[in-house]
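Structure at a glance
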Amino acid sequence: MKLMEKAPAKINLALDVLFKRPDGYHEVEMIMTTVDLADRIELKEIKGNHIQILSHNRFVPDDHRNLAYQAAFILKERFGINKGVSITIEKNIPVAAGLAGGSSDAAATLRGLNRLWKLGLSMDELAEIGAEIGSDVSFCVYGGTALARGRGEKITHLPAPPKCWVILAKPTIGVSTADIYKRLQIAKMEHPDVPGMISAIKESSYQDVCQGLGNVLEQVTLQLYPEVANIKDQMKTFGADSVLMSGSGPTVFGLVEHDSRMQRIYNGLRGFCDQVYAVRLLGDRNDLE
Ligand SMILES: C[C@](O)(CO)[C@H](O)COP(=O)(O)OP(=O)(O)OC[C@H]1O[C@@H](n2ccc(N)nc2=O)[C@H](O)[C@@H]1O
Ligand SMILES: Nc1ncnc2c1ncn2[C@@H]1O[C@H](COP(=O)(O)OP(=O)(O)OP(=O)(O)O)[C@@H](O)[C@H]1O
């Protein structure tokens, strides 16, 4: 028996940090949404009682460090499953990019194994288990568009934002999420208007979504890595309607409505950035199917 699950990437339309918590994590308010760039996860029953990870991408760990492995391990332990499973990850989302690739693989593994092993868990129960793996996993269990609070695991669903193109460009540098959060100077931050972004989405106003983009982690990453600032500038110059860094970076995304302008930005960026993608904003929970 085998089955497939789609694991889409996310972007943060808004990311605010309220304060540092006693447990070391930061209390956040984020607006997350999915885009049409997805890994594919194949789950297959195998003989034995172990978890096997297969991937052609050399940056993806094939052992307990893989978040999909951790998802399978938790379910096996918690529900006493004595079966082996092979998890094949077709990696299309760039790794360590700020696009929650690993988190989305873990979430897809939770959804898929719930079906494969007939566990009968609700999405809310899967999201709760996901929070034990990483802060972005709960959102990735549901997909769609949401306000994420707490350390990212408290999810309030939102409607899909207005449709547009999303150009993603990832410079060839690795960014540590923990390091970016550590360097954040909370007293000096300019906060994005998260309630304003929620209204923009509810009113389906593309202009207001563009105007409201904001991420407090951006200034930290931009200062450390000038190449990220450079990509932001280029994207604006080529004509994106609005530009922001996703998560802790280094991927920069630009929103654009018109096909011809999307093509111009995509072609322009390809000149000096290896990993460039032009994808549609998804933002609807049904898009996981
Ligand atoms: C930057 C974002 O991707 C935006 O969506 C998330 O806030 C981070 O999500 P993630 O990669 O799933 O994060 P985790 O794997 O849970 O945490 C990685 C590290 O980031 C820091 N971290 C993460 C989330 C949070 N709310 N506060 C934090 O300070 C912690 O140092 C933690 O050790
Ligand atoms: N399934 C996976 N796919 C990719 N990387 C994984 C996976 N599982 C674990 N990792 C490890 O996690 C690290 C971060 O990868 P990932 O692509 O999830 O980052 P990210 O997109 O920045 O995540 P986030 O946006 O949630 O902070 C990688 O360097 C890799 O070693």
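Starting afresh in each chain, residues are numbered from 1 along the sequence in its written order. Lettering of chains starts at A and numbering of ligands starts at 1, both following the order in which they are written. In view of the model being predicted, local features appear only for residues whose pLDDT reaches at least 70, and side-chain atom pairs are presented and counted only at 80 or more, with totals across whole chains, interfaces and linings using the full set of residues. The side-chain quantities take in all heavy atoms of the structure and omit both hydrogens and water.

Looking up the protein in an unreviewed UniProt entry gives the name 4-diphosphocytidyl-2-C-methyl-D-erythritol kinase, with the organism given as Peribacillus butanolivorans. UniProt positions are given in the numbering used here, feature names are shortened, and annotations may be inferred rather than shown by experiment. For the protein, the Catalytic activity (unreviewed entry) comment in UniProt is given as "4-CDP-2-C-methyl-D-erythritol + ATP = 4-CDP-2-C-methyl-D-erythritol 2-phosphate + ADP + H(+)". Note on the protein: under the UniProt heading Sequence similarities (unreviewed entry), the record states "Belongs to the GHMP kinase family. IspE subfamily."

Quick look at the site of ligand 1 now. Around ligand 1 sit 18 residues in total, of which His 26, Ser 135, Asp 136, Arg 151 and Tyr 181 are the nearest. One nitrogen or oxygen atom from the side chain of His 26 is found 2.7 Å from an oxygen atom belonging to ligand 1. Its free accessible area being 640 Å², ligand 1 has 80% of it covered by the protein chains. Counting residues per element, the ones that place at least two in the shell around ligand 1 are β1 (2–20), β2 (26–46) and α5 (177–183). Whether a residue is near a molecule or strand depends on its heavy atoms: if one lies within 4 Å, it is near. Polar contacts, as counted here, are pairs of nitrogen or oxygen atoms within 3.5 Å of one another; within protein the pair requires one atom able to donate a hydrogen and one able to accept it, and residues that are adjacent in sequence qualify only if both atoms are side-chain atoms. Where accessible areas are quoted, they stem from the Shrake-Rupley method and a 1.4 Å probe; at the residue level, only the protein chains shown are allowed to cover. Secondary structure elements follow DSSP: runs of H or I of four or more residues count as helices, runs of E of two or more count as strands, with numbering from the N terminus.

Here we take up the domain arrangement of the protein. Where interface size is given, it is often the accessible area lost as the parts come together that is meant. Source of the domain bounds: an automatic or database domain assignment. When its domains are assigned, the protein resolves into domain 1 (2–158) and domain 2 (165–286). Every residue pair with non-hydrogen atoms within 4.5 Å of one another is taken to be in contact. With 36 residues of domain 1 at the contact, the number on the domain 2 side is 36 residues. Here the quantity called buried area is the accessible surface, traced with a 1.4 Å probe, that two parts lose on coming together, added over both. Carbon and sulfur atoms make up 68% of the surface buried where domain 1 meets domain 2, a total of about 2,900 Å² over both sides. When residues of domain 1 are sorted by the area they lose upon contact with domain 2, Leu 13, Leu 15 and Val 17 head the list and together hold 19% of the total.

What follows deals with the sheet that holds strand β9 (residues 242–245). At least two DSSP bridges between two strands are required for those strands to pair. Overall, antiparallel pairing links the 4 strands, which are arranged β9-β10-β7-β11 in an open sheet. Either end of the sheet is taken by a strand with one partner, and the two such strands are β9 and β11 (275–280). Neighbour-to-neighbour, the strand axes of this sheet turn through a mean angle of 20°, independent of strand direction. In this sheet, strand β10 (residues 252–256) lies alongside β9 in antiparallel orientation, the contact comprising 4 bridges. Within the sheet, the bridge partner assigned to Ser 242 lies in β10 and is Leu 255. Helix α9 (residues 226–238) rests against β7 (165–170), β9 and β10 of the sheet, and its axis sits at about 10° to β10. Axis definition: a line fitted to C-alpha atoms, over the contacting stretch in the case of helices. Angles run 0 to 180 degrees between N-to-C directions. Along the sheet face, helix α10 (residues 259–270) touches β7, β10 and β11 and points at about 5° away from the line of β7.

It is worth spelling out unusual backbone geometry at this point. Each neighbour pair has its own omega, and for Gly 249 with Pro 250 the value is 5°, a cis peptide bond. Looking at the secondary structure, you find Pro 250 in the loop between β9 and β10. Of note in the backbone geometry, Ala 100 takes a positive phi value of approximately 60° without being a glycine. In this structure, Ala 100 sits in the loop between β4 (84–90) and α2 (101–116). For Ala 100, a relative accessible area of 10% puts it in the buried group. Working definition: with a 1.4 Å probe on protein chains only, accessible area under 20% of the residue-type maximum means buried, over 50% means exposed, and in between means partly exposed.

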